[in-house]
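Coordinate analysis (summary)
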Amino acid sequence: MRTGKLYGVGLGPGDPELVTVKAARLIGAAEVIAYHAARHGRSIARSVAAPYLRPGQVEELLLYPVTTETTDHPGGYRGALEEFYEECAARLAAHLDAGRDVVVLAEGDPLFYGSYMHLHKRLADRYEAEVVPGVTSVSGASAALGRPLVEGEETLTVLPGTLPEETLAGHLAGSDAVAVLKLGRTFPKVRAALEAAGRLDEAWYVERATTGSERIERLADVDPASAPYFSLALLPSPMNAHVPVRQELTPSRAAKGGGEVVVVGLGPAGRPWLTPEAQDALAAADTLVGYGPYLDRVPPNPRQRRFPTDNRVEAERAAHALELALEGARVAVVSSGDPGVFAMASAVLEVAERDRFAGVPVRVLPGLTAAQAVAARAGAPLGHDFCVISLSDILKPWDVVAERLTAAARADLVVALYNPASKTRREQIEKARALFLEHRAPETPVVLGRDVGGAQERLTVTTLAEFAPADVDMRTLVIIGSSTTRAVERAGRTVVYTPRRYPA
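I will try to describe carefully the structure that is included in this document. Note that residues are indexed from 1 along each chain, following the sequence as it is written. Local features are withheld for residues below a pLDDT of 70 in this predicted model, meaning they are given only at 70 or higher, and side-chain atom pairs are given and counted only at 80 or more; totals for whole chains, interfaces and linings count all residues. Only heavy atoms go into the side-chain values, all of them from the structure, while hydrogens and water stay out.

Some words on the pattern of salt bridges
Take a side-chain nitrogen of Lys or Arg and a carboxyl oxygen of Asp or Glu: if they are within 4 Å of each other, that pair is a salt bridge. Inspection of the entire model under this criterion finds 20 salt bridges. Residue R122 pairs with E86 through a salt bridge whose shortest N-O separation is 3.0 Å. With a gap of 36 residues between them, R122 in helix α4 (residues 116-123) and E86 in helix α3 (residues 76-97) connect regions that are remote in the sequence. What makes R122 buried here is its relative accessible area of 15%. Think of it in three bands: residues with accessible area under 20% of the maximum for their type are buried, residues over 50% are exposed, and the middle band is partly exposed, with areas taken using a 1.4 Å probe on protein chains only. For E86, a relative accessible area of 45% corresponds to the partly exposed category. Segments assigned H or I by DSSP are reported as helices when at least four residues long, segments assigned E as strands when at least two residues long, and all are numbered from the N terminus.

Here's what the structure looks like:
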């Protein structure tokens, strides 16, 4: 039986158009596509290769067990990675043994500080293997900078930022052109080495070269906390120091009016409930705006401005965010749960209708809703038709709320109740319970979910007749079942679900 062929395919520095013709062909033809990612699951390699993937391909996500040297693995950081690469090689070998060709995606060039090389060393002696080179990050950064990298008899030195500071400084002092990779946490050390070598003023910082989020600055001006792993320091050709770099010829984002507002859903609790897309938007923003307690859920970053506000100033908060974007800021407006469900997306879009903000781009990124989080903890009470109603009568009269509650109760919909009560607003939940008892059986399952995903999470399963409105506050979400919703005992706990089939 034929064994499969292993390909290490370089994707270049980030622009999908810099993927070679051969790489694109192999990606589209392969039966198995493998790629690495950190624990968050987002793969830069896959995002670059996405235009060349086809439906039906098997994807092998290779999640690093660690990305820093902190680990409780008995073999330490190196032991954890060695075990990881052995496991990855075994997974790919299973495909190769079955006759399936495997393409391993690699940013830049596969054998230039790439993770692919660790798989190649473990598999190339047993299977046919081919490496497809890619444009390196150094070439991409040099092109983005727009200044010659080396000329004539100049030498180019490539250094990892993980080297000791003294070693870095020695190489920097004795080299012509230099590229220092793997900045991120090493940035302060690299900056200190450049200063010690007397070359800080020559150094340029290039982040995510050739991509839409490319950033070029003089390294001396960069905030260390803002440097991600995929950035590098570049000291281009000393012979061409008089040539202006592209960054110096490009007007600033503020001058071009290049700001934007992204409304980000944080989900119901901490980072595990946050989507990768939302995490990327928060990381890319230079300004954060939001209700204070929600903003507190985003870890502080010294390069970002933060504007916390009170809960009842949504229009003012939206206008402030849009004004900041007019000045060129990349603003993330944070919202709990999903920003489009009783939250900030509507407020921002409403204010954005003003002529003044006509040119400000506004994007809305979804988040996991409180209703989904509580339902998942309980089982699947939203398994059939359901609706979501806010009991707050601050922005709409109670008569409208009561009419909608009655309609939902009569229609036998499962109902998720948002904003059910507060310290000063207690009667609405009592009235809602009474309305449902007019149309639902007393034994109808009811789920009360408070602070789901948080430190004070509490889930209560009760019935329409027995649930106590006094147990409900503003941090509680209430789900009232339909006539078909069931509460059953499974493995020592009550599980609530609504069957997909409705009785004839």
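Okay, back to it.
Some thoughts on the packing of aromatic side chains
Ring pairs shown here join Phe, Tyr and Trp side chains whose ring centres sit within 6.5 Å, with only the six-membered ring taken for Trp; geometry is labelled stacked below 30 degrees between planes, edge-to-face above 60, and tilted in between. Counting across every chain of the model gives seven aromatic pairs. Seen from their ring centres, F84 and Y85 are 5.3 Å apart, and the 50° between their planes marks the pair as tilted. Pairing Y291 with Y294 gives two aromatic rings, centres 5.0 Å apart and planes at 85°, and the pair type is edge-to-face. Members of the aromatic cluster, joined through ring pairs, are Y64, F84 and Y85. Ring-over charges, as used throughout, are those where CZ of Arg or NZ of Lys falls within 6 Å of the ring centre and within 35 degrees of the ring normal. The residue whose ring lies beneath R433 is F467, and the NZ or CZ to ring-centre distance is 5.9 Å.

Looking at unusual backbone geometry
A positive phi angle is found at K182, which is not glycine, with a value near 60°. Residue R208 is not a glycine yet carries a positive backbone phi of 45°. If you trace the backbone, R208 turns up in the loop between β8 (204-207) and β9 (215-218). Among the residues examined, R208 registers a relative accessible area of 34% and is labelled partly exposed.

Side note on the nonpolar core
Here the nonpolar core consists of buried residues drawn from Ala, Val, Leu, Ile, Met, Phe, Trp, Tyr and Cys, with membership extended through side-chain atoms lying within 4.5 Å. L391, L405, L417, I429 and V478 are the most contacted members of the largest nonpolar core, which totals 23 residues. Of all the elements in the fold, those that place two or more residues in this core are β17 (386-390), α15 (398-410), β18 (414-418), α16 (427-437), β19 (445-450) and β21 (476-480). Per-element tally for this core: the top contributor is α15, with six residues. Look past the residues within four positions of L405 in its chain and what remains in contact with it is I389, L391, W398, L417, A432, L435 and F436. Counting 22 residues, the second largest nonpolar core, distinct from the first, contains V32, L81, C88 and V104. Only heavy atoms enter the contact rule, under which two residues are in contact if any of them lie within 4.5 Å.

Quick word on a nonpolar patch on the surface
Exposure above 30% relative accessible area and the lack of any salt bridge qualify a residue for a patch; like charges then connect within 9 Å, and the nonpolar side chains Val, Leu, Ile, Met, Phe, Trp and Tyr within 5 Å. For accessible areas, the Shrake-Rupley method is used with a probe of radius 1.4 Å. Any residue's cover is judged against the shown protein chains and nothing else. Together, I44, Y229 and F230 give the surface a local cluster of nonpolar side chains, amounting to about 290 Å² of exposed area. Among the secondary structure elements, I44 is positioned in helix α2 (residues 44-49). I44 gets classed as partly exposed once you look at its relative accessible area, which sits at 37%.

Quick notes on the environment of K431
Tracing the backbone through its elements, the reader meets K431 in helix α16. Residue K431 is classed as partly exposed on the basis of its relative accessible area, which comes to 40%.

Quick word on the sheet that holds strand β1 (residues 6-10)
Read from one edge to the other, the open sheet built from five strands follows the order β3-β2-β4-β1-β5, with strand pairing classed as parallel. The open sheet has two free edges, formed respectively by β3 (58-63) and β5 (129-132), since each of these has just one partner strand. The average undirected angle you get between the axes of adjacent strands in this sheet is 20°. One ladder, built from five bridges, connects β1 with strand β4 (residues 102-106); its direction is parallel. The residue bridging V9 from the neighbouring strand is L105, located in β4. The angle between two axes is taken between their N-to-C directions and runs from 0 to 180 degrees, where each axis is a line fitted to C-alpha atoms and a helix contributes only its stretch in contact. On the sheet, helix α1 (residues 21-29) packs against β1, β2 (32-37), β4 and β5 and is oriented at approximately 135° with respect to β1. Docked against the sheet, α3 engages β1, β2, β3 and β4, running at close to 170° with respect to β3. Pairing between strands is defined by DSSP: at least two bridges between them are needed.

Let's talk about the sheet that holds strand β20 (residues 458-463)
Strand order in the open sheet formed by five strands is β17-β18-β21-β19-β20, with mixed pairing between adjacent strands. Strand pairing shows two members of the sheet lacking a second neighbour, β17 and β20, which therefore form its edges. Ignoring strand direction, the axes of neighbouring strands in this sheet form an average angle of 20°. When β17 meets β18, the two strands line up parallel, connected through five bridges. Paired with I389 across the strands is L417, a residue of β18. Lying on the sheet, helix α14 (residues 370-378) is in contact with β18, β19, β20 and β21; it crosses β21 at an angle near 65°. Helix-sheet contacts for α15 involve β17 and β18, and the interaxial angle to β17 is about 165°.

So far we have only geometry, and geometry alone does not tell us how the molecule works.
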